[in-house]
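Summary of structural features
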Protein chains: 2
Amino acid sequence: MRIRVAECTVRYEGRLNAFLPMATRLVMVKADGCVAVHADGGAYKPLNWMNAPNTLTEDDDMWTVLNPKGEKLIIEFGEIHFETDLEMGEDPGLQKDGVELELQRLLAERPETFGVGMALIRREYPTPIGPVDLLCRDGDGTTVAIEIKRRGEIDGVEQLSRYLEFLNRDTRLAPVRGIFAAQEIKPQAKLLAADRGITTVEVDYDDLRGSDSEVMKLF
Amino acid sequence: MRIRVAECTVRYEGRLNAFLPMATRLVMVKADGCVAVHADGGAYKPLNWMNAPNTLTEDDDMWTVLNPKGEKLIIEFGEIHFETDLEMGEDPGLQKDGVELELQRLLAERPETFGVGMALIRREYPTPIGPVDLLCRDGDGTTVAIEIKRRGEIDGVEQLSRYLEFLNRDTRLAPVRGIFAAQEIKPQAKLLAADRGITTVEVDYDDLRGSDSEVMKLF
DNA sequence: AGTTCCATGTCGCGG
DNA sequence: CCGCGACGTGGAACT
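Here's a quick rundown of the structure. (Residues numbered from 1 in each chain as written. Chains lettered and ligands numbered in written order. Predicted model: local features only at pLDDT ≥ 70, side-chain atom pairs only at ≥ 80, totals over all residues. Heavy atoms only, no water.)

1. Observations regarding the interface of chain B and chain A
Using the following cut-off: Whether two residues are in contact is decided by their heavy atoms, any of which lying within 4.5 Å being enough. The term buried area denotes the loss of accessible surface (1.4 Å probe radius) that occurs when two parts are joined, taken as the sum for both partners. Here, a salt bridge means any side-chain nitrogen of Lys or Arg that lies within 4 Å of a carboxyl oxygen of Asp or Glu. Helix and strand assignments come from DSSP, with helices taken as H or I runs of at least 4 residues and strands as E runs of at least 2, each series counted from the N terminus. Classification convention: Asp, Glu, Lys, Arg as charged; Ala, Val, Leu, Ile, Met, Phe, Trp, Tyr, Cys, Pro as nonpolar; all other residues, Gly among them, as polar. If DSSP finds at least two bridges between two strands, the strands pair.
The partner chain A presents 58 residues to the 59 residues of chain B that form the contact. Roughly 5000 Å² is buried in total at the junction of chain B and chain A, and carbon and sulfur atoms are behind 58% of that figure. Interface area lost by chain B to chain A is led by Asp40, Tyr44 and Met88 of chain B, which between them contribute 16%. Counting the contacts that link chain B with chain A gives six salt bridges. Among the salt bridges present, the one from glutamate 165 of chain B reaches arginine 196 of chain A, with a minimum N-O distance of 3.5 Å. Looking at the side of chain B that touches chain A, the elements with two or more residues in it are β1 (2-13), β2 (17-29), β3 (35-38), β4 (48-50), β7 (72-85), β8 (95-97) and α2 (154-167) of chain B. With twelve residues, the single largest contributor to the side of chain B that touches chain A is β2 of chain B. Class assignment for the residues of the side of chain B that touches chain A results in 30 nonpolar, eleven polar and 18 charged. With three bridges connecting them, strand β2 (residues 17-29) of chain A and β8 of chain B associate as antiparallel partners.

In structure tokens form, the structure reads like this:
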């Protein structure tokens, strides 16, 4: 990784045009060729950048970064305060844990969370426009499509609506009703769901995890 | 801005849990207190980070970053290869040009782009679920709701559909038809729009800007 | 503060 | 390679 701290101006021409007046900034060039220009503030996002793949041309006090899409990043340097180049090697990468899939797994194990007699048909039930998180049958024998989100927003309701549209064309399943489940559902999403005849359910992740541990303890 | 390149492990506990095994990485601490851990590759996004506001506690070879929401970032250092701390001063900030609002402004000035006799009623016409970009009346006196995006994708069609749903409940406006305008419209979005009876229009930003300059020159 | 929508979103997966 | 959905989305604008 190459790091240069210097006075510079930056011009980006691509999906939009942008310009940075002369100031002191950090320019980072990673091993994969991606370039990022950081100010000393403003979260982790750089002011300007160019992702790999690209080509960096160094020309006197000017760097030109081009990518195959025709985007261009031009950095013109003034005084260079500091520069270094360090070997860092491969990164083993990030291990994550505890997102939507986990919630889905927990709820798939406990369909009765959504009503007495609710039974799972299958997870990730395929439709032409993508898989429904859970497809179930309720106590009355009605098919139920369940969409699960960590945070329930209007998009999720739209997504479920589209699934329902398609599922209801399948005469073997129709009529299909919808349940929208999330840890927290925004008022606007609740409103739209109600308007569409979709039930909303707020689920408690810790409770689910807790009862999961309970179940585990029995074995 | 403080920069340290060192062997380290990183643990994040917050909205999810994540762990980085020991490896050489760059740790950046900006003036506003935000912390970012970068590998030598993978675009501009850090492997792990903590945005301001937060508190950094240095304890021997371990840094603990806490934020008011209870999220936690723990960095444990091994060998330190390099460290520096540089003054960079305020950044004048990025000047952008050519985004959605600009497109909206240009099209609001030229409603006839969407058909002969098209007249603007107002920009950002309010509905209970958000403002419609342009509300117009066409040559036949029919109300037209126009949604403008830089890139036309399925979400935009959904958004316009929702607006139309609400606008058509207003007996003073109904029937309202929809136009979906963007510099570029994805095939899937066109398909969905057609299915919903929404017209799609691809507009040329440079043409619009050009004719804008023309208009300017007349005065 | 809460909510909505934009973004040079980025990223990963599956067709 | 495109389409599509998730993201610790982040960030701005507006109520």
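Having put the structure on the table, let's press on.
2. Here's the deal with the relation of the copies chain B and chain A
So the rule is basically this: We place the copies in one frame by least squares, fitting the C-alpha atoms of every residue whose pLDDT is at least 70 in both.
For these two chains of identical sequence, chain B goes onto chain A by a turn of 177° and a shift of 0.3 Å along the axis, with RMSD 0.8 Å. Considering both components of the superposition, the chain copies are consistent with a two-fold axis. When the interface residues of chain B are mapped onto chain A, 93% of them are again interface residues, pointing to one common binding face.

3. Focus: the packing of α2 of chain B against helix α3 (residues 187-195) of chain B
All names here are of chain B. Put simply, the test is: With axes taken as lines fitted to C-alpha atoms, and helix axes fitted only over the stretch in contact, angles between N-to-C directions fall between 0 and 180 degrees. Here the angle decides the label: under 35 degrees means roughly parallel, over 145 means roughly antiparallel, 65 to 115 means roughly perpendicular, and every other value means oblique. In this scheme the handedness of a crossing depends on how the near helix is turned from the far one: anticlockwise by less than a right angle means left-handed, clockwise means right-handed.
Where α2 contacts α3, the two axes come as close as 8 Å, and the packing angle between them is 25°. In this view, α2 runs roughly parallel relative to α3, as classed from their interaxial angle. Seen along the crossing, α2 lies across α3 with a hand that is right-handed. Here α2 contributes Ile154, Val157 and Glu158 to the contact with α3, which in turn contributes Gln188, Ala189, Leu192 and Ala193. Class assignment of the residues belonging to the contact of α2 with α3 gives a composition of five nonpolar, one polar and one charged.

4. Comments concerning the nonpolar core
So the rule is basically this: Throughout, nonpolar core names a set of buried Ala, Val, Leu, Ile, Met, Phe, Trp, Tyr and Cys residues whose side chains join them through atoms within 4.5 Å. Relative accessible area decides the class of each residue, using a 1.4 Å probe on protein chains only: under 20% of the type maximum gives buried, over 50% gives exposed, and in between gives partly exposed.
Of all hydrophobic cores here, the largest spans 20 residues; its most connected members are Leu26 of chain A together with Leu26 of chain B. Counting residues per element, the ones that place at least two in this core are β1 (2-13) and β2 of chain A together with β1 and β2 of chain B. Ignoring anything within four residues of it in the chain, the contact list for leucine 26 of chain B reads Met1, Ile3 and Met88 of chain A together with Ile3, Arg4, Val5, Ala36, Val37 and His38 of chain B. Counting residues in hydrophobic clusters, the runner-up holds 19 residues, among them Tyr12, Val27, Trp63 and Val65 of chain A.

5. Description of the pattern of salt bridges
Enumeration according to the criterion identifies 32 salt bridges over all chains in this entry. For the salt bridge of arginine 11 of chain A with glutamate 13 of chain A, the shortest nitrogen-to-oxygen distance reads 2.4 Å. Given a relative accessible area of 33%, arginine 11 of chain A falls into the partly exposed group. Among the ionic pairs, aspartate 91 of chain B bridges to arginine 25 of chain A, the shortest N-O distance being 2.6 Å. Of this pair, aspartate 91 of chain B sits in the loop between β7 and β8 while arginine 25 of chain A sits in strand β2, which puts the two residues in different chains. What emerges from the salt-bridge pattern is a single network uniting Glu158, Asp195 and Arg196 of chain A together with Arg162, Glu165 and Arg169 of chain B.

6. Some points on the protein's contact with DNA strand D
Inclusion rule: For each residue, the test is whether any non-hydrogen atom lies within 4 Å of the molecule or strand; if one does, the residue is near. We call two N or O atoms a polar contact when they sit within 3.5 Å, provided that within protein one can donate a hydrogen and the other can accept it, with sequence-adjacent residues counted only if both atoms are side-chain atoms.
Around DNA strand D lies a shell of 23 residues, among which Lys149 and Arg150 of chain A together with Asn48, Trp49 and Gln188 of chain B are the nearest. Among atoms of DNA strand D positioned within 4 Å of the protein, sugar and phosphate together represent 77%. Within the side chain of tyrosine 12 of chain B, a nitrogen or oxygen atom sits 3.4 Å from a base nitrogen of DNA strand D. Between DNA strand D and the protein, one listed contact pairs a sugar or linking oxygen with a side-chain N or O atom of arginine 15 of chain B at 3.1 Å. Broken down by secondary-structure element, the contributors of at least two residues to the surface near DNA strand D are β11 (143-152) and α2 (154-167) of chain A together with β4 and α3 of chain B. A per-class count over the surface near DNA strand D returns nine nonpolar, five polar and nine charged.

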